Amino acid sequence: QVQLVESGGDLVQAGGSLRLSCVASGSILSILDMGWYSQAPGKQRELVATMSSSGSTNYVDSVKGRFTISRDNAKNTVYLQMNSLKPEDTAVYFCKGNVRTTNWMRGDYWGQGTQVTVSS
């Protein structure tokens, strides 16, 4: 089994910064793409940023220049540095990993989410 655990969510003022972390553990052979998704109240979950195992990144336009995704493959960890936060960034942030397990199965695994609230 594979588990992803996020941390780092908090209440911050607009213009502030947060760093989210997500650690994957369990029967992991390798992790391909890792990414962050956000879900605001009453809205669908949407992509924020992804990073491949080789380092290629993809961002939603609304966070370009403010958020940075990075990962430590040795630690099975992905980070999201969030700067210049805006009230509209308020959401639950979920981590997702595309994982190849030790029994050679491959699938998407999600964390439980971490709340980010930005006050104006």
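In short, a report on the structure. (Residues numbered from 1 in each chain as written. Predicted model: local features only at pLDDT ≥ 70, side-chain atom pairs only at ≥ 80, totals over all residues. Heavy atoms only, no water.)

Here we come to the environment of Ala24. Its place among the elements puts Ala24 in strand E3 (residues 18-26). Accessibility expressed as a relative area gives 6% for Ala24, which makes it buried. With 53 residues separating them along the chain, Ala24 and Thr77 place their C-alpha atoms 6.3 Å apart. Setting aside its immediate chain neighbours within four residues, Ala24 contacts Gln3, Leu4, Ile31 and Asn76. (Helix = DSSP H or I, 4+ residues; strand = E, 2+ residues; numbered from the N terminus. Buried < 20%, exposed > 50% of the residue type's maximum accessible area, 1.4 Å probe, protein only. Contact = heavy atoms within 4.5 Å.)

The space that makes up the largest pocket amounts to roughly 270 Å³. Around the largest pocket sit 17 residues that line it, and Ser38, Glu46, Ser62, Glu88 and Asp89 are the ones nearest its centre. Of all the secondary-structure elements, those providing two or more residues to the lining of the largest pocket are strand E4 (28-39), strand E5 (46-51) and strand E9 (91-101). Element by element, the count of residues in the lining of the largest pocket is highest for E5, at three residues. (1 Å grid on protein atoms, 1.4 Å probe; cavity = no way out; pocket = protein on both sides within 12 Å on 5 of 7 lines; lining within 4 Å. Points joined across faces, edges and corners; volume = space filled by probe spheres on them.)

It is generally the case that most residues other than glycine have a negative phi and that most peptide bonds are trans. Even without being a glycine, Asn76 presents a positive backbone phi close to 50°. Unlike most non-glycine residues, Trp104 shows phi in positive territory, near 65°. As for its position among the elements, Trp104 is in the loop between E9 and strand E10 (106-110).

Glancing now at the pairing of strand E8 (residues 77-82). Where burial is concerned, most of E8 is hidden: five out of the six residues are buried. Two strands pair when backbone bridges link them, and E3 and E8 are joined in this way by six bridges, in the antiparallel orientation. By the bridge assignment, Leu20 is partnered in E8 with Leu80. For strand E7 (residues 67-72) and E8, the ladder comprises six bridges, and the chain directions are antiparallel. When the sheet's bridge partners are listed, Asp72 is paired in E8 with Thr77. Between E7 and E8, which pair antiparallel one after the other, the connecting turn spans four residues, and Asn76 there sits at a positive phi close to 50°. (Pairing = 2+ DSSP bridges.)

The next subject is the state of the cysteines. Here, the word disulfide means a covalent bond between the sulfur atoms of two cysteines. Counting across every chain of the model gives one disulfide. The residue that forms a disulfide with Cys22 is Cys95, at a sulfur-sulfur distance of 2.1 Å. Between Cys22 and Cys95 the disulfide shows an S-S torsion of about -75°. By sign, it is left-handed. Here the residue Cys22 occupies a position in strand E3, and Cys95 occupies one in strand E9, the gap between them amounting to 73 residues. (Disulfide = S-S within 2.5 Å.)

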